[in-house]
Amino acid sequence: MTTADHAVPASVVTPVDHRGEVAAETARFVAAVRDADLATAVPSCPGWTLADLVKHTGSVQRWFSALLRARIQEPPRTREVDLRLPEQEDGYADWLAESATVAADAFAATDPDFPMWAWGVDQHARFWARRMLFETLLHRADAELTLGLRPVIDRPVAVDGIDEFLVNLPFAAFFAPKVADLRGRDRTIRFRTTDGDDTWLVRLRPDGFGLDTSRPAPDTADATVRGTAADLLLLVYGRLPYEADGLAHEGDEDLLAHWFANSAF
């Protein structure tokens, strides 16, 4: 993988207030689960219940907040953090809401442009707010899908989330080992929104993969998937199959199957 592979992609992204959206997404998540049976299994996260989903999301928010407060400059040696998790699950919804308050306090105390270690491409504090947003949004969507609701995702946020996913995916192999299998002989996959003109071109090479930021962008791709930004966001995270209603695909089926079998985390 080359440095150029990880440059910001060609799509034009409306600025998103990641810090504010963390609070908004958490509120939506809390509203979804407050009166739900937390023992309900979550089909999109096999082996998890809604209680596990809430605990995971709040724990991530509190851990990322601890990293921000510490302004870490190297990979953390431990993930231990005081979760303040209630003993009874009937307190989980309020605890998740409080997790967003913990995050807001960490955001307020940290300049988003402060240089920090991060596992992805952006080595600044803002990486962690952006990552926290999409961790929270995705699991809010998991909760709503579990409860038979269709997640509503604002288009600018969805577009930013697709960017965030594709830019950082090449760095994710240490916790998503299948990513290392995303190789190919100069094969390309294009993702294109149908509710805007956003497009991302991923190029698989023998040594890895990355976003193709060529100017002008190539006109053709070996495979293409089209859908609304919200559906494409759920697609890249493995919450929708590329054959789902509302998505259209064309080109190399084997290439698409290979990508989606190895890219979600």
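Cut-offs applied
Residues numbered from 1 in each chain as written. Predicted model: local features only at pLDDT ≥ 70, side-chain atom pairs only at ≥ 80, totals over all residues. Heavy atoms only, no water. Helix = DSSP H or I, 4+ residues; strand = E, 2+ residues; numbered from the N terminus. Salt bridge = Lys/Arg side-chain N within 4 Å of Asp/Glu carboxyl O. Buried < 20%, exposed > 50% of the residue type's maximum accessible area, 1.4 Å probe, protein only. Core = buried A, V, L, I, M, F, W, Y, C linked by side-chain atoms within 4.5 Å. Contact = heavy atoms within 4.5 Å. pLDDT = per-residue confidence, 0-100. Pairing = 2+ DSSP bridges. Axes fitted to C-alpha atoms, helices over the stretch in contact; angles between N-to-C directions. 1 Å grid on protein atoms, 1.4 Å probe; cavity = no way out; pocket = protein on both sides within 12 Å on 5 of 7 lines; lining within 4 Å. Points joined across faces, edges and corners; volume = space filled by probe spheres on them. Nonpolar A, V, L, I, M, F, W, Y, C, P; charged D, E, K, R; others polar.

**With respect to the environment of Arg215**
- Within the fold, Arg215 resides in the loop between β3 (208-211) and β4 (223-227).
- Placed 36 residues apart in sequence, Arg215 and Gly251 show a C-alpha to C-alpha distance of 23 Å.

**Focus: the pattern of salt bridges**
- Using the criterion set out here, one finds 19 salt bridges in the structure.
- A salt bridge links Glu25 to Arg28; the shortest N-O distance between them is 2.8 Å. Residue Glu25 and its partner Arg28 are located together in helix α1 (residues 18-33), separated by three residues, close to a single helical turn.
- For Glu25, a relative accessible area of 3% puts it in the buried group.
- A salt bridge links Asp252 to Arg187; its shortest N-O distance comes to 2.5 Å. In this pair, Asp252 sits in the loop between β5 (248-251) and α7 (253-262) while Arg187 sits in strand β1 (residues 187-193), placing the two residues 65 residues apart along the sequence.
- Given a relative accessible area of 24%, Asp252 falls into the partly exposed group.
- What makes Arg187 partly exposed here is its relative accessible area of 29%.

**Observations concerning the nonpolar core**
- In terms of nonpolar packing, the biggest core is built from 62 residues, with Trp128, Leu166, Phe191 and Trp259 touching the most fellow members.
- Broken down by element, this core gets its largest block of residues, ten residues, from helix α4 (residues 125-146).
- Non-local contacts of Phe191, meaning those with residues more than four positions away in its chain, are made with Leu166, Asp198, Thr199, Trp200, Val202, Val225, Leu235, Val236, Trp259 and Phe260.
- Formed by 16 residues, the second largest nonpolar core is a distinct cluster that contains Val42, Leu53, Val54 and Ala143.

**Comments concerning the confidence of the model for the chain**
- Residues at a pLDDT of 70 or more form 95% of the chain, whose mean pLDDT is 93.
- pLDDT under 50 marks residues 1-12. Its contacts with residues more than four places away, or in other chains, come to 32 contacts.

**What to know about the sheet that holds β3**
- The mixed open sheet is built from five strands, whose spatial order is β3-β2-β1-β4-β5. Every other strand in the sheet has two partners, leaving β3 and β5 as the edge strands with one partner each. Strand after strand, the sheet turns through a mean of 15 degrees between neighbouring axes, direction not considered.
- When β1 meets strand β2 (residues 199-205), the two strands line up antiparallel, connected through six bridges. Residue pairing in the sheet places Thr188 in a bridge with Arg203 of β2.

**Notes on the layout of surface pockets**
- Estimated volume of the largest pocket: approximately 640 Å³.
- For the largest pocket, the lining is made up of 25 residues, of which His56, Arg79, Glu135, Phe175 and Phe265 are closest to its centre.
- Ranked by residue count, the leading element in the lining of the largest pocket is α4, at five residues.
- When grouped by side-chain class, the residues that make up the lining of the largest pocket number 16 nonpolar, four polar and five charged.

**Here we look at helix α6 (residues 229-236)**
- Counting buried positions along α6 yields eight of eight residues, so the element is predominantly enclosed.
- Within α6, the full set of buried residues consists of Ala229, Ala230, Asp231, Leu232, Leu233, Leu234, Leu235 and Val236.
- Taken from the residues just after α6, Gly238 is the one with a positive phi, measuring 80 degrees.

**Notes on unusual backbone geometry**
- You will see that Arg71, though not glycine, has its phi angle at about 50 degrees, which is positive.
- Along the chain, the position of Arg71 falls in the loop between α2 (50-70) and α3 (92-108).
- Look at Asp186: it is not a glycine, yet its phi comes out positive at around 55 degrees.
- Considering the arrangement of structural elements, one finds Asp186 in the loop between α5 (155-168) and β1.
- Its relative accessible area of 43% is what places Asp186 among the partly exposed residues.

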